[in-house]
Amino acid sequence: MKKITLGITAHVDSGKTTLAESMLYLTGSIRKKGRVDNGDSFLDTNFIERNRGITIFAHQAEIKIGEGKDNKDKDVITLLDTPGHVDFSAETERTMQVLDYAVLVISCTDGVQSHTSTLWKLLSKYEIPVFIFINKTDLTTAEPEFILENIKQKLSVNCVDFSGSDENIQENCALCSEEMMNKYLSEENISDEDIINAVADRKIFPCFFGSALKMQGVEEFVSAIGRFTREPQRQEQFGVKVYKVSYDSKGSRLTHMKIMGGELKVRSEMEYISQDGEKITEKISSIRFYSGEKFRTVEKAESGDICAVTGLENTYSGQGIGFVKNSDRAVLEPVMSYRVILPENINPFDALKDLRRLEDTDPMLHIVWNEPSKEIHMQLMGAVQIEVLTDIIKEKFGYDVSFGDGAISYRETIKNTVEGVGHYEPLRHYAEVHLLIEPLPRGSGLVFDTECHEDDLDRNWQRLILTHLEEKIHIGVLTGSPITDVKITLMSGKAHLKHTEGGDFRQATYRAVRNGLRFAESILLEPYFEYELEIPSEYTGRAIADLQHMSAEFDSPETIGEFSVIRGTAPVYEINGYHQQVISYTRGRGRISCTPCGYRECHNAEEIIKNINYNCDSDIENSADSIFCVHGAGFNVKWNEVPKYMHLPSCLEKTSENIPQASIKTSNKFSVSDEEIKGIFEKIYGKTENESRKSFTRTKKSHDYSKPVSLPDYEPPDYLIVDGYNVIFAWDRLKKTAGENLDAARSDLINILSNYQGYSKYEIILVFDAYKVKGNNGHTEKLTNINVVYTKENETADSYIEKLSHDLSKKHRVKVATSDNAEQTVIFGNGAMRISANELRMNIENTEKKIKEKSKYF
């Protein structure tokens, strides 16, 4: 008996789910064969899937094949039916990572379509052996021999017809490799074992013909899967791959995974790292084996099993646990961003929480909260996904949403290698980070590494810096779009023995990345579609003219009967929405299908940058500046002045020292220095200090690095200043209370801080904003062990805190708890440290845990 995970994938409307239904019925897994168009298929369990007749989510079923009446002797095939529509291809890609084999269904009337080619590339990337089922051969327009040649031409010449006799199969397989040809000529036979190995090594792709709807060729196909597959070698060491997260009808969170090695038992503890870099230990509550909507619970899952477990609350799609590594960046990502339009009676913060739950199940949504406009944005693949998502939100959360016009999701990268320096040194805090930022080939994503010696910076600090690099979406300086195709290497760093805290390196790391981007020559990237345009031949000239106008690339048109097929690539900005024009000028006879194919340099970068109008210097949340300390006070240093103040030498000097002398070319020709060129340029065009796209020579200032960092001594006590209303509306439990009774929320916060003060020994000052209260003169009162301040009329809490932190920071260590970004620069300049409302909440929760642990011993 062997255990195999088999995925079924196809271009939409190729008959993929119908084939899965026929396989289940043939093997006795279901008693009645459902139909997609009747809305009663076994694997399309969601009501939206049944209404629309398309697969949206990956579903699991189990079949047993082989001879004999005893099921224990039969092969166990876990069937995973994946979405076929391009808008849900991210779900398909996630599922591919747990497959042992795949079935690619191709319609005999359509042949290899654009999305078929994309799926083939994904199967190749994940090195999945493939069986091909050519469906709908019962239709009068079907031409099996022509389609097989079409498949060989567009997918692989090693796609072999397995529909004939064993002798014909062996002859066809012999043509696929020299080794098999030699064996066939010498022995006049190729064994099943030889074919099994060749299929598993992706040297042969067996092809079968039939009609899934009429059950033609399905029995032979199922038999061949049992005959020409082998169970992959399993690991004894424990490891799992998470490929999906969902919620059942009762709201329980399900983590769908494949056991890649070892075994998993109910009530056993699982240790893993969350997306935030936190080490998590949770207990498995139950293990489920699903088949359609139904499931059975088991006490143990073994290597090779596909199961869903409850009890894990911090897992995510693509996660590797144990010896299994996390998945690489997805190939298929959304290229359009949409604004979510909410009903007037729905609080956007509550809606954000609901949508975060959807993002948990589909991480490609990339939900973003736009703080200035108080809007929610999400990335989607297309119109069909928008319609489906609208239905899901209505069904799950009970309110209607709509979506604004889509905006292109741009990316940014760099052209040259630069150094990024981040220094964070407000009073009694210290961290400096030097990063080498290098461009990578298109499609590489972000790569993080370290070349910093442990003698220079402790390993734990290095790990923390790498965590901070991975946890944040770093944005570029041209349009504020996420950066990609860049390698960031930690080259050096510095900590202070007494004054460095974990949050200091977070600030220094973020600033170092941003600093490097400001010095680099940035490039704007835009998404491209791979398209397939099918039109009546008389409209070929019109289509080519349109494509040229859209800056598209295309191959020579292919004539198929009365139609011409044009394939190529085009910017999403130009070709998005072109299908409406195709339908119009071909009078409904033409069609176009598009699939994302990555990012390329933007064809109209200047226009886009101007329209977006992003000002990188005004983005306080993503500052390229650094904070230094002189004479006991912190001060802000502009990004282009940081090299003059930094405490460590440039890492670019180290990399240049490693270049062999033989590789450095010299010339006797007349040369002009960089400074002279820069001076001539500025005389003609003016200074280039604020030009974000260009790098220029840094002016180095020599430093005596042997001197210790000068940090002032402070008088006790340490102060914690809390922006009251900012914290109340940042904490979910207090915000909920404030919605019913604001006085009660204030009282709850006072009690929480009073308990915290007793343990932390901070002198706590809680400030409430009362500037709109007419006739209010402001007052301060001592409640239990904390000071509560109500500001006077026309005085905001922000201005009061800024003055107070400035005065106290001269002699005391001061922290300000607020998530108001506008206060950040002023607080840093005053020499105080800022912590967010959420960081304060976590500190308090950790304190409460410590108090409970200590109370156990009394």
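Computed from a predicted structure; not experimentally measured.

Draft legend 1. Spotlight on the overall build of the protein. Of the regular secondary structure elements, the protein holds 26 helices and 40 strands. Looking at the protein residue by residue over its 858 residues, the buried ones come to 49%. When the accessible area of the protein is evaluated, it comes to approximately 41,900 Å², of which 47% is carbon and sulfur surface.

Draft legend 2. Fine view of the pairing of strand E33 (residues 626–630). Across the five residues of E33, four count as buried, placing the element largely inside the fold. Hairpin remark: E33 followed by strand E34 (residues 633–637), antiparallel, with two residues in the connecting loop; positive phi at His631, about 55°.

Draft legend 3. Region of interest: the sheet that holds strand E39 (residues 814–817). Here six strands make up an open sheet; going across it, the order is E37-E38-E36-E35-E39-E40 and the pairing mixed. Looking at strand neighbours, the two that pair on one side only are strand E37 (779–783) and strand E40 (833–835), the edges of this open sheet. The average undirected angle you get between the axes of adjacent strands in this sheet is 20°. Across four bridges, strand E36 (residues 763–768) lies against strand E38 (residues 786–790) in parallel orientation. Each bridged residue has a counterpart across the sheet, and for Phe768 the counterpart in E38 is Tyr790. On the sheet, helix H23 (residues 742–760) packs against strand E35 (719–723), E36, E37 and E38 and is oriented at approximately 165° with respect to E36.

Draft legend 4. Just the packing of helix H22 (residues 732–740) against H23, in detail. Interhelical geometry of H22 versus H23 gives an angle of 150° and a closest axis separation of 6 Å. In this structure, H22 uses Arg733, Leu734, Thr737, Ala738 and Glu740 to contact H23, whose residues at the interface are Leu742, Ala744, Ala745, Asp748, Leu749 and Ile752.

Draft legend 5. The arrangement of the side chain of Arg813 in detail. Residue position: Arg813 is located in the loop between helix H24 (797–808) and E39. With relative accessibility at 18%, the residue Arg813 sits in the buried group. Within polar-contact distance, the side chain of Arg813 engages the side chain of Glu501 at 2.6 Å.

Draft legend 6. Structural view of the environment of Ala552. Topologically, Ala552 is positioned in the loop between helix H14 (540–549) and strand E29 (553–554). Residues Ala552 and Tyr531 lie 21 residues apart in sequence; the distance between their C-alpha atoms is 9.8 Å. Those residues in contact with Ala552 that sit more than four places away from it in its chain are Tyr531, Leu547, Thr569 and Ala570.

Draft legend 7. Looking closely at the sheet that holds strand E14 (residues 294–298). Pairing is antiparallel across the open sheet formed by six strands, whose spatial order is E14-E13-E16-E9-E8-E17. Each edge of the open sheet is held by one strand with a lone partner, namely E14 and strand E17 (320–322). Recorded for the sheet is a direction-independent mean angle of 40° between the axes of neighbouring strands. Where strand E8 (residues 239–247) lies against E17, three bridges are found, and the strand directions are antiparallel. Residue pairing for E17: Lys241 is matched across the bridge by Gly320. Sitting on the sheet, helix H10 (residues 348–361) touches E8 and strand E9 (253–261), and the angle it makes with E8 is about 140°.

Draft legend 8. Layout of the packing of helix H6 (residues 166–174) against helix H7 (residues 178–187). Remark: H6 packs on H7, axes separated minimally by 8 Å, with the N-to-C direction vectors making an angle of 135°. Classified by the angle their axes make, H6 and H7 are oblique. Touching Glu167, Gln170, Glu171, Cys173 and Ala174 of H6 are Met180, Met181 and Tyr184, all from H7. Among the residues making up the contact of H6 with H7, the classes are represented as five nonpolar, one polar and two charged.

Draft legend 9. Up close: the environment of Ser29. With respect to the helices, strands and loops of the structure, Ser29 is situated in the loop between helix H1 (16–26) and helix H2 (47–52). Owing to a relative accessible area of 32%, Ser29 belongs among the partly exposed residues under this scheme. Counting along the chain gives 32 residues from Ser29 to Ala61, while the straight-line C-alpha distance between them is 8.5 Å. In contact with Ser29, other than residues within four places in its own chain, are Leu24, Glu62 and Ile63. Here the side chain of Ser29 touches Glu62 through a polar contact of 3.0 Å, landing on its backbone oxygen.

Draft legend 10. Region of interest: the pattern of salt bridges. Using the criterion set out here, one finds 47 salt bridges in the structure. Among the ionic pairs, Arg506 bridges to Glu471, the shortest N-O distance being 3.4 Å. Placement of Arg506 in helix H13 (residues 502–519) and of Glu471 in helix H12 (residues 459–471) is noted, with a sequence separation of 35 residues between them. With relative accessibility at 29%, the residue Glu471 sits in the partly exposed group.

Draft legend 11. Representation of the packing of aromatic side chains. Summed over the entire model, instances satisfying the criterion amount to 20 aromatic pairs. With a centroid separation of 5.1 Å and 55° between ring planes, the pair formed by Tyr725 and Phe768 is classed as tilted. Within this pair, whereas Tyr725 is found in helix H21 (residues 724–728), its partner Phe768 is found in strand E36, the two being separated by 43 residues in sequence. For the cation-ring pair, Arg357 lies above Tyr247, with the distance from its terminal atom to the ring centre recorded as 4.1 Å. Positioned over the ring face of Tyr528 is Arg600, at 4.7 Å from the centre of the ring.

Draft legend 12. How the structure looks around helix H16 (residues 578–585). Residues Tyr578, Val582 and Tyr585 constitute the buried set of H16. The buried residues of H16 occupy an angular sector of 85° when the element is viewed end-on, so they sit on one face. The exposed residues of H16 that point more than 90 degrees off its buried face are Gln580 and Ser584. Where H16 terminates, the next one or two residues include Arg587, which has phi positive at roughly 55°.

Draft legend 13. Expanded view of the nonpolar core. Met378, Phe403, Tyr531, Leu533 and Tyr578 are the most contacted members of the largest nonpolar core, which totals 55 residues. Among residues more than four places away in sequence, those in contact with Phe403 are Tyr338, Arg339, Val340, Ile341, Met378, Leu380, Ile386, Leu389 and Thr390. In terms of nonpolar packing, the next biggest core, distinct from the first, is built from 51 residues, Val418, Cys616, Leu720 and Ile728 among them.

Draft legend 14. Local environment of the confidence of the model for the protein. In the predicted model, the protein carries a mean pLDDT of 84, and the fraction of residues at 70 or more is 88%. Confidence scores differ between elements of the protein, with helix H20 (residues 674–685) showing the lowest mean pLDDT of 53 and strand E23 (residues 411–414) the highest of 96. This model gives residues 690–711 a pLDDT under 50, and the stretch forms 56 contacts once residues within four places in sequence are excluded.

So, how was this worked out
Residues numbered from 1 in each chain as written. Predicted model: local features only at pLDDT ≥ 70, side-chain atom pairs only at ≥ 80, totals over all residues. Heavy atoms only, no water. Helix = DSSP H or I, 4+ residues; strand = E, 2+ residues; numbered from the N terminus. Buried < 20%, exposed > 50% of the residue type's maximum accessible area, 1.4 Å probe, protein only. Areas by Shrake-Rupley, 256 points an atom, 1.4 Å probe, with all protein chains shown as cover. Pairing = 2+ DSSP bridges. Axes fitted to C-alpha atoms, helices over the stretch in contact; angles between N-to-C directions. Contact = heavy atoms within 4.5 Å. Polar contact = N/O pair within 3.5 Å; in protein donor to acceptor, adjacent residues only side chain to side chain. Parallel < 35°, antiparallel > 145°, perpendicular 65-115°, else oblique. Nonpolar A, V, L, I, M, F, W, Y, C, P; charged D, E, K, R; others polar. Salt bridge = Lys/Arg side-chain N within 4 Å of Asp/Glu carboxyl O. Phe/Tyr/Trp six-rings, centres within 6.5 Å; stacked < 30°, edge-to-face > 60°. Lys NZ or Arg CZ within 6 Å of the ring centre and 35° of its normal. Arc of directions from axis to C-beta. Core = buried A, V, L, I, M, F, W, Y, C linked by side-chain atoms within 4.5 Å. pLDDT = per-residue confidence, 0-100.

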